[in-house]
Amino acid sequence: MMKFSSFKYLFKQGWNNFKGNRLMSVASVGVVASCLILVGICGSLVLNVNSFVSYLGAQNEIVIYMKDDASLDQVNAINSSLENDEDVGHFRYVSKEDALAEQMGYMGQYASLLAGYEGVNNPLPASFRVNLKDLTHLEPASMRFSSFDGVDYVSTPTELAGVLIALKNVTYYAGLAILVILFMVSMVVISNTIRLTVFARRREISIMKYVGATNGFIRMPFIVEGLLIGTISALITFAVVAGGYVYLFNYITTQATGFIAMLSLCMVPFSGIWPVMLIGFMAFGWLIGGLGSALSMRKYLKV
Amino acid sequence: MIDFKHVTKVYEPKITALKDVSVHIDKGEFVFVLGHSGAGKSTFLKLMLREEKATKGEVIVNGYNLSKIKEKDIPYMRRTLGVVFQDFRLIPNLTAYENIAFAMRVTNIDEKEIKRRVPYILNLVGLAGKQDKLPAQLSGGEQQRVALARALVHNPDLVIADEPTGNIDPQLSLEIMELLKAINSTGTTVLVVTHEHELARRYARRIIEMRHGVIVNDTAVGRAGV
């Protein structure tokens, strides 16, 4: 069991390494923070594209048109099937009368043109308007709905859904690829910085080995150094990305016009993402810091 | 204490540093391992410190079988012995006190014990009053005393000195040897690896002579070859 004084000693050593190797430490914080900022931008983009896709997805509904002669039992059966369907986010039933009233509402002052279509003359079919939880389930859900009794046909926005899904996939995989590349770059940078400290202290390391220090003890100050670089980089990144995000969010929601203004409807507010952002940056920073230093130590532990 | 059983060490591609070496050293002995460069002394030392592993045979030091020891147990085995090198291997930016305390800190010993033990050991090696000096401010002999003090912090059963007088003048060499003799008189086994025959003849009670990777002579002083 390690004593408290040993912990204190090891952390002090790690901090001394960081300070002693100041120029390289600052340089690695710069490079790692730059990588993390790119990761942050990618992450924010992926998150907002997902939100945008979900928003557009929610605007597009599957419409189940009923036959005119569908019985009340058939309508009730579909109603309960939709209630129990896991893919369905929400739905509403639009009766023939509601459909007519809706059309009249669209026509505004020309609504009187539809006068005379009430009651038995109403040509509009009753329908269920269904929003799915996940657009990727659009086609199987649509086929399932078509098989219900009393259904005339099902209108499905397949093409738009395809585009949205493709968009979501592209941003997801591109984001992932960028994340992996930046992870590797950051790790190599941290690892090289720590390798310099390790090299400068190789004499101490060899003495430590001869007097019986364990590998864990020898490694610790360098891991502390790596974690410090990771933590400082993560905090700088958080400040930069958070500042940029809040600025952009405020601009889009208050100043922007046209298509960009539309994005404000689905842009994720900062309050909704900052914990994920902070935890993500810290985890990324610590992981590369810890791994980077562990990797650079391997050669010198073989005494 | 130290047991080499038919030990052979081959460095790849095909350099045989030790050939079928068998030797036993008991607790409390004062032994010199003599030989010119290339005789196999360094390999002998490296095998005892488990810096290298024997290609064949068994090396047992302080009860640890170094042919079978697990990686995680090596540091604990090393705490049972103290090592002194020709080039002292002191950390230049640490004072004499800190160099010794360093060896204790990195083996998880608490500050209270360090404050108690370091001045005691400095006094033991005749460096009381020089604790705040950096290695560069000390003579070669004094630096070797600091190294010796560091080797003694864990109260080892065995002290290994690799050419301990190689970098210091003859008068100071004798002082270091006297110190090793004093350490040996407390029951600690002392093993000195050197090429200086004169020093060996003057101090040793047993001389193991190596040549080309084999032990050519193992003589207990006052007795015939063993």
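Look up: the structure comes first, before these words.
Because the structure is a prediction, the values reported are computed rather than measured. Per chain, the residues get numbers from 1 upward, laid out in the order the sequence is written. Just so you know, chain letters begin at A and ligand numbers begin at 1, following the order they were written in. In keeping with the model being predicted, local features are shown solely for residues with a pLDDT of at least 70 and side-chain atom pairs are shown and tallied solely at 80 or more, while totals for entire chains, interfaces and linings include all residues. Derived side-chain values reflect all non-hydrogen atoms in the structure, with water molecules and hydrogen atoms excluded from consideration.

Chemist: Go over the overall build of chain A, please, and point to the residues and values.
Modeler: Helix and strand assignments come from DSSP, with helices taken as H or I runs of at least 4 residues and strands as E runs of at least 2, each series counted from the N terminus. Per the secondary structure count, chain A includes 10 helices and 4 strands. Ordering the α and β elements of chain A from the N terminus gives α-α-β-α-β-α-β-α-β-α-α-α-α-α. A radius of gyration in this sense is built from C-alpha atoms; the matching globule rule multiplies 2.2 Å by the number of residues raised to 0.38. In terms of overall size, chain A is more extended than a compact globule, its C-alpha atoms giving a radius of gyration of 30 Å where 303 residues would be expected to give roughly 19 Å. Expressed as lengths along the three principal axes of its C-alpha atoms, the size of chain A is roughly 100 × 40 × 30 Å.

Chemist: Explain a nonpolar patch on the surface to me, using residue names and the numbers behind them.
Modeler: Exposure above 30% relative accessible area and the absence of a salt bridge qualify a residue for a patch, where like charges join within 9 Å and nonpolar side chains (Val, Leu, Ile, Met, Phe, Trp, Tyr) within 5 Å. Note on areas: Shrake-Rupley, 1.4 Å probe, and residue coverage restricted to the protein chains presented here. Here, a salt bridge means any side-chain nitrogen of Lys or Arg that lies within 4 Å of a carboxyl oxygen of Asp or Glu. A cluster of nonpolar side chains, Y172, Y173, L176, L179, V180 and M184 of chain A, forms an exposed patch at the surface whose accessible area comes to about 590 Å². Looking at the secondary structure, you find M184 of chain A in helix α6 (residues 158-200).

Chemist: Can you explain the packing of helix α7 (residues 202-210) of chain A against helix α8 (residues 215-254) of chain A? Please cite residues and give values.
Modeler: All names here are of chain A. Here the axes come from fitting lines to C-alpha atoms, over the contacting stretch only for helices, and the angles between their N-to-C directions go from 0 to 180 degrees. For the pair α7 and α8, interaxial distance at closest approach is 10 Å and the crossing angle is 155 degrees. As judged from the angle between their axes, α7 and α8 are roughly antiparallel. Where α7 crosses over α8, the handedness of that crossing is right-handed. Contacts between α7 and α8 involve I205, M208 and K209 on the former and, on the latter, N215, F217, I218 and F222. Note that Gly is not counted as nonpolar here; it falls among the polar residues with everything else outside the nonpolar set of Ala, Val, Leu, Ile, Met, Phe, Trp, Tyr, Cys and Pro and the charged set of Asp, Glu, Lys and Arg. Tallied by class, residues from the contact of α7 with α8 come to 5 nonpolar, 1 polar and 1 charged. Note on terminology: angles under 35 degrees are roughly parallel, angles over 145 are roughly antiparallel, angles of 65 to 115 are roughly perpendicular, and the others are oblique. Note: crossing handedness is left-handed where the near helix turns anticlockwise from the far helix by less than a right angle, and right-handed where it turns clockwise. In what follows, residue pairs with any heavy atoms lying within 4.5 Å of each other are defined as contacts.

Chemist: Which residues make up the interface of chain B and chain A, and what are the values?
Modeler: Counting residues at the interface gives 23 residues for chain B and 18 residues for chain A. At the boundary of chain B and chain A, one finds 0 salt bridges. The definition of a polar contact used here is a pair of N or O atoms within 3.5 Å, where within protein one atom must be able to donate a hydrogen and the other to accept one, and adjacent residues in sequence count solely through side-chain atom pairs. Linking chain B to chain A there are 5 residue pairs in polar contact (both at pLDDT 80 or more). The set of elements that each furnish at least two residues to the side of chain B that touches chain A consists of α2 (74-78) and α3 (96-105) of chain B. Each residue belonging to the side of chain B that touches chain A can be placed in one class, and the counts come to 10 nonpolar, 3 polar and 10 charged.

Chemist: So what about helix α1 (residues 4-20) of chain A? Which residues, and what values?
Modeler: By this rule, a helix spans an expected 1.5 Å times one less than how many residues it contains. The terminal C-alpha atoms of α1 of chain A, which comprises 17 residues, lie 24 Å apart, in line with the 24 Å expected from a rise of 1.5 Å per residue. The rule is simple: take the accessible area with a 1.4 Å probe, protein chains only, and divide by the maximum for that residue type; under 20% is buried, over 50% is exposed, in between is partly exposed. The set of residues buried in α1 of chain A consists of S6, Y9, L10, Q13, G14, N17 and F18 of chain A. Of the surrounding elements, those touching the buried residues of α1 of chain A are α2 (22-59), α6 and α8 of chain A together with α3 of chain B.

Chemist: Summarise the environment of A151 of chain B; cite the residues concerned and give the values.
Modeler: Residue and element names in this part refer to chain B. Here A151 shows up in helix α5 (residues 140-152). Assessed through its relative accessible area of 6%, A151 is described here as buried. Once the C-alpha coordinates of A151 and E113 are considered, the two residues, 38 residues apart in sequence, prove to be 16 Å apart. Those residues in contact with A151 that sit more than four places away from it in its chain are G82, V83, V84 and P156.

Chemist: Describe a positive patch on the surface, and please don't skip the residues or the numbers.
Modeler: Taken together, the side chains of K8, K12, K19 and R22 of chain A together with K115 of chain B present a region of like positive charge at the surface. The element contributing the most residues to the positive patch is α1 of chain A, with 3 residues. Its place among the elements puts K115 of chain B in helix α4 (residues 111-124). On the basis of relative accessibility, which here comes to 56%, the residue K115 of chain B falls in the exposed class. Counted as positive: Lys and Arg. Counted as negative: Asp and Glu. His and the chain ends are not counted at all. The atom standing in for a charge is NZ when the residue is Lys, CZ when it is Arg, CG when it is Asp and CD when it is Glu.

In short, shape yes, function no, at least from these values alone.
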